[in-house]
Structure formats: structure tokens, C-alpha cells
Amino acid sequence: MKKIGPSTLSVHGGEPHVRPSRSVTEPLVLASTYPFEHTAELHAFMQGEIERAEEYGRYGNPTVAAVESRLAALEAGGAAGFGAVLMASGMAAITSTLLAMLRAGQHVIFTADVYRKTRVFARTYLDKFGVAVDIVEPTLAAIEAAVRSETKIIFTEAPTNPYLRVVDLEGIVALAKPRRIKTIVDATFATPINMRPCDLGVDLVIHSTTKYLGGHNDLLGGAVVGRSGLIQAIREQVGTLGPVCDPHNAFLLGRGLKTLALRIERHNHSALALARTLDEHPKVAQVWYPLLPSHQDHALATRYLSGGGGVVSFEVRGGLEAGTRLVDAVQIPKIAPSLGGVESLIEQPALMSFYDQGPEGRAALGIREGLIRLSVGIEDLEDLRADLLAALDQM
């Protein structure tokens with residue numbers, strides 16, 4: 001087949017037509033070690049003459065490996081030569097990838113709107129290891145101005161949290177490749193359904209599989225996807241650093257991936273409709289959704305994204321207290337962090353993610369007091385719309 005669609009890849013990507021076990025679904029293998037039949041087999045394995053499960057669970061697991069193959073196929077659109085490494089969380093994927101690729105004396109550029117804990121790791125830990133860090137605005141001009149001769153990595157995110165910014169990815173790749181700089185994109189919000197950065201020439205794509213890829217708010221995980229050679233170098237470091245993915249979490253992820261394209265289609269449709277409703281409401285000061293013409297990165301979003309995703313951020317008039325009244329009034333979304341599950345979740349970033357910063361600290365970080373982040377689930381659109389409008393009426 002010359003071209004395979006996203007739903008087909010979500011279900012079958014990277015797997016054999018018939019598994020050795022003859023099961024339709026990928027078996028859950030719960031094992032910490034894998035015995036050899038005899039010493040001759042051990043010698044053959046160590047010399048690379050035979051392929052089999054790794055000898056110890058920190059170096060591999062059949063269930064994890066199967067899901068890694070599907071993720072690589074999904075992110076690469078079915079193209080050969082790509083690999084993936086699953087890890088214990090999205091942050092484990094970020095930190096392990098950076099530690100595997102960097103050494104003292106090198107320099108990394110992060111855009112200012114990458115996940116907050118990514119920035120914390122950059123400022124708190126990379127400096128200890130002698131790695132220089134610049135955190136710049138998510139524009140091509142700002143990134144280019146920060147490039148040094150020792151720059152090793154440009155790390156960005158698209159769309160971002162919570163304002164759903166979309167940076168010029170092709171521009172970053174064109175800037176980086178002649179300078180032998182590696183590009184990494186956290187595409188958790190986009191998923192491989194709405195955007196495939198590898199198609200644009202990005203070297204590595206990172207996902208928090210906790211979010212849309214798992215899709216059911218029941219697992220923690222992270223993944224890094226890219227060309228097989230680079231992925232193998234990262235995988236070798238995972239055996240040392242130890243952020244391995246639990247096989248049961250991998251099993252849950254593999255099951256969640258099968259409905260990814262279907263779920264994203266619903267997320268995209270409902271979130272765009274709710275963003276339009278909110279954009280017209282008198283009690284809403286501003287809405288951030290990448291496919292709204294009012295979004296500052298709308299042109300880039302329509303260029304790189306096939307759908308806007310399931311997150312809508314908006315600012316209510318009346319600040320923190322008004323936002324609290326709204327959040328407490330809705331009946332369907334649950335007040336909780338995270339996103340990307342079948343259940344709608346709602347939060348005030350000022351309280352959920354930046355409580356410790358206080359009003360002045362939040363203002364310095366660009367977090368508005370009346371900001372609401374809504375992760376739109378797969379509930380019926382009209383139920384979500386009616387619930388949201390009723391809550392706005394109660395503000």
C-alpha cells in the first residue's frame with residue numbers, strides 16, 4: 001500500500017499481520033528478565049547473531065517494543081527508517097533525550113512557551129552540567145538571534161500550553177540543518193493526527209503519551225520518535241538512566257492508540273465549535289484556539305495543522321474570582337490538570353499550574369488571572385455547549 005491513513009496506522013502500524021502468539025491484540029508481557037535456553041544462545045545474542053527479547057526488563061519488553069513500533073509508524077506516516085522509545089512519563093522522555101544528546105560546553109535554545117517543567121529542567125539542571133541555555137520568544141527571528149557556534153539543539157513545542165502558539169517549524173529546520181543543530185518538537189497537543197513534524201524535517205518528536213495518545217486519563221508515559229539511528233543512541237542511555245515504561249502502561253497505550261484518529265476527529269470538531277461560541281460571548285474577553293482567525297499564529301496553524309486539537313483557552317471578564325465561579329458552575333468538565341482524555345477537564349492555570357507564583361509572578365509569566373483552560377472531551381457537543389453557556393450565565 002503506497003499510502004496508509006491515520007486510522008489504519010493507529011490500529012495496525014508497525015505490527016506483523018499475524019503475531020507469533022496468534023493473538024489479534026498485543027499480549028501483555030509482565031516480565032523483568034528473559035532466560036536463555038543455553039549458553040550458546042547467550043553467546044549468539046551477545047554477538048548480534050539472533051534477535052529475541054532483551055535479557056533484562058530495563059533494556060526492553062515485547063509489549064513496549066510493539067507499541068514503540070506502532071508509534072514510529074504513526075508519527076512517520078508509515079515510512080521506514082524511524083523508531084520510538086517509550087518512557088515512564090513525558091518529562092522522562094524530555095529529560096532523558098536531552099541528557100543523552102548533550103555534554104558540557106554545548107548550548108540549547110528553548111522557546112519561552114514550552115511546558116513549564118521543561119523550562120524548570122533547563123534552568124535548574126542543565127546549568128549544573130555545564131550546558132548553556134537560552135529561552136527565547138517563539139519566533140524564528142528570536143531563535144536565529146540566539147544561535148551560537150556551540151548550539152546543539154533547538155527545542156520547541158507546537159501548539160503550546162496554554163496559549164496554543166505555533167512556531168514556524170519549517171523555518172526552524174531550514175535554520176538548523178546547515179548548522180548541524182538538532183531540532184526537537186514537543187507535539188503532545190498536536191498528536192500525529194493533526195501534525196507530523198518528521199515530515200517537515202524535524203529530527204525528534206516528543207509526546208506525553210499520558211494525554212491524547214493514551215486518551216483515557218489512566219496512564220503515565222512519554223515517547224520520543226525520530227530516525228532509527230538517533231533513537232537507538234537515546235535508547236542506549238535509557239538503560240543507564242532507567243526511566244523505563246511499565247509494560248502495563250504500554251499495553252493501555254497500545255489499546256488507546258487504536259481509537260486515536262477517531263477521538264482526535266471529535267476533539268477537533270467540538271473544540272473548534274466551542275471556541276467559536278466563546279469568541280462571541282460578551283463575558284469572554286479573549287479566546288485562544290489556533291484555527292480561529294483571531295489567533296496570532298493562525299496563518300502558521302493553518303499551514304502546519306490539519307486540526308486545532310481539543311484544548312481551548314479563554315479569558316473571562318472579572319479575573320480570578322469570575323473564573324472560579326465559571327469552573328465551579330460547569331457540570332460536565334471535571335476540575336483537574338492534564339488534557340487529551342475522553343472526559344472534558346477544566347482548570348484555572350493561575351491556580352492549578354501557577355498557584356505558587358502569586359499574581360505578580362503569574363503576570364511576569366504571561367498567565368492572566370481570568371484564564372481558563374478547557375480540554376474538550378468526546379461528550380456530545382451540544383451538551384458541552386449548553387453546560388458552558390449555563391455556567392457563563394451564572395458568573
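Residues numbered from 1 in each chain as written. Predicted model: local features only at pLDDT ≥ 70, side-chain atom pairs only at ≥ 80, totals over all residues. Heavy atoms only, no water.

K.L.:
What is the right way to look at the pairing of strand E4 (residues 151-157) in this model?
P.N.:
In regular strands, side chains alternate between the two faces of the sheet. Burial analysis of E4 places 6 of its 7 residues in the buried class, which makes it a mostly covered element. Note that strand E2 (residues 107-111) and E4 share 4 bridges and pair parallel. Bridge pairing in E4 links Val108 to Ile153. Pairing of E4 with strand E5 (residues 182-186), which is carried by 5 bridges, proceeds in the parallel orientation. In the sheet register, Ile153 faces E5, and the bridge partner there is Lys182. In this region the chain leaves E4, passes through helix H7 (residues 169-176) and returns to the parallel neighbour E5; the handedness of that crossover is right-handed. (Buried < 20%, exposed > 50% of the residue type's maximum accessible area, 1.4 Å probe, protein only. Helix = DSSP H or I, 4+ residues; strand = E, 2+ residues; numbered from the N terminus. Pairing = 2+ DSSP bridges. Right-handed = clockwise from strand over helix to strand, strands pointing away.)

K.L.:
Mind showing me how you'd approach the environment of Ala223 here?
P.N.:
Structurally, Ala223 is set in strand E7 (residues 222-227). On the basis of relative accessible area, Ala223 is assigned to the buried category, the value being 1%. If we ignore the near neighbours within four places in the chain, the residues touching Ala223 are Leu71, Val85, Leu86, Ala93, Val205, Ile206, His207 and Thr209. (Contact = heavy atoms within 4.5 Å.)

K.L.:
Can you walk me through the domain arrangement of the protein in this structure?
P.N.:
Interface size is often expressed as the accessible area that is lost when the parts come together. When its domains are assigned, the protein resolves into domain 1 (6-257) and domain 2 (258-394). Distance between the C-alpha centres of domain 1 and domain 2: 27 Å. The interface of domain 1 with domain 2 comprises 41 residues on the first partner and 43 residues on the second. Taking both sides of the interface into account, the surface hidden between domain 1 and domain 2 amounts to around 3,400 Å²; carbon and sulfur atoms contribute 55%. If you sort the residues of domain 1 by the area they bury against domain 2, Tyr163, Asn194 and Tyr212 come out on top, with a joint share of 24%. Remark: the boundary between domain 1 and domain 2 carries 4 salt bridges. (Domains from an automatic or database assignment. Buried area = accessible area lost by both parts, 1.4 Å probe. Salt bridge = Lys/Arg side-chain N within 4 Å of Asp/Glu carboxyl O.)

K.L.:
Explain the side chain of Ser313 to me, please; I cannot follow it from the model alone.
P.N.:
Here Ser313 lies in strand E9 (residues 311-316). Classification of Ser313 as buried rests on a relative accessible area of 0%. A distance of 2.5 Å separates a polar atom in the side chain of Ser313 from the backbone oxygen of Pro162. Leaving out residues up to four positions away in the same chain, Ser313 has contacts with Pro162, Leu164, Gln286, Val287, Trp288, Leu371, Ile372 and Arg373. (Polar contact = N/O pair within 3.5 Å; in protein donor to acceptor, adjacent residues only side chain to side chain.)

K.L.:
I'm lost on the environment of Gly310 in this one. Help?
P.N.:
Position of Gly310 relative to the elements: it lies in the loop between helix H12 (298-304) and E9. In this structure the C-alpha to C-alpha distance between Gly310 and Glu265, which are 45 residues apart in sequence, comes to 9.3 Å.

K.L.:
Looking at this structure, how should I read unusual backbone geometry?
P.N.:
Residues other than glycine predominantly adopt negative phi, and peptide bonds predominantly adopt the trans conformation. Going from Ala158 to Pro159, the amide bond is cis rather than trans, its omega being -20°. Put simply, Asn161 and Pro162 share a cis peptide bond, and its omega is 5°. Its location among the elements puts Pro162 in the loop between E4 and H7. Look at Arg180: it is not a glycine, yet its phi comes out positive at around 60°. Tracing the backbone through its elements, the reader meets Arg180 in the loop between H7 and E5.

K.L.:
Even after reading the chapter, I still don't get a nonpolar patch on the surface, so can you show me in this structure?
P.N.:
A surface patch of nonpolar side chains, amounting to about 370 Å² of accessible area, comprises Leu99, Tyr125, Phe129 and Leu241. Tracing the chain through its elements places Leu241 in helix H9 (residues 228-241). In this structure Leu241 comes out as partly exposed when scored by relative accessible area, which is 43%. (Patch = residues over 30% accessible without salt bridge, like charges linked within 9 Å, V, L, I, M, F, W, Y side chains within 5 Å. Areas by Shrake-Rupley, 256 points an atom, 1.4 Å probe, with all protein chains shown as cover.)

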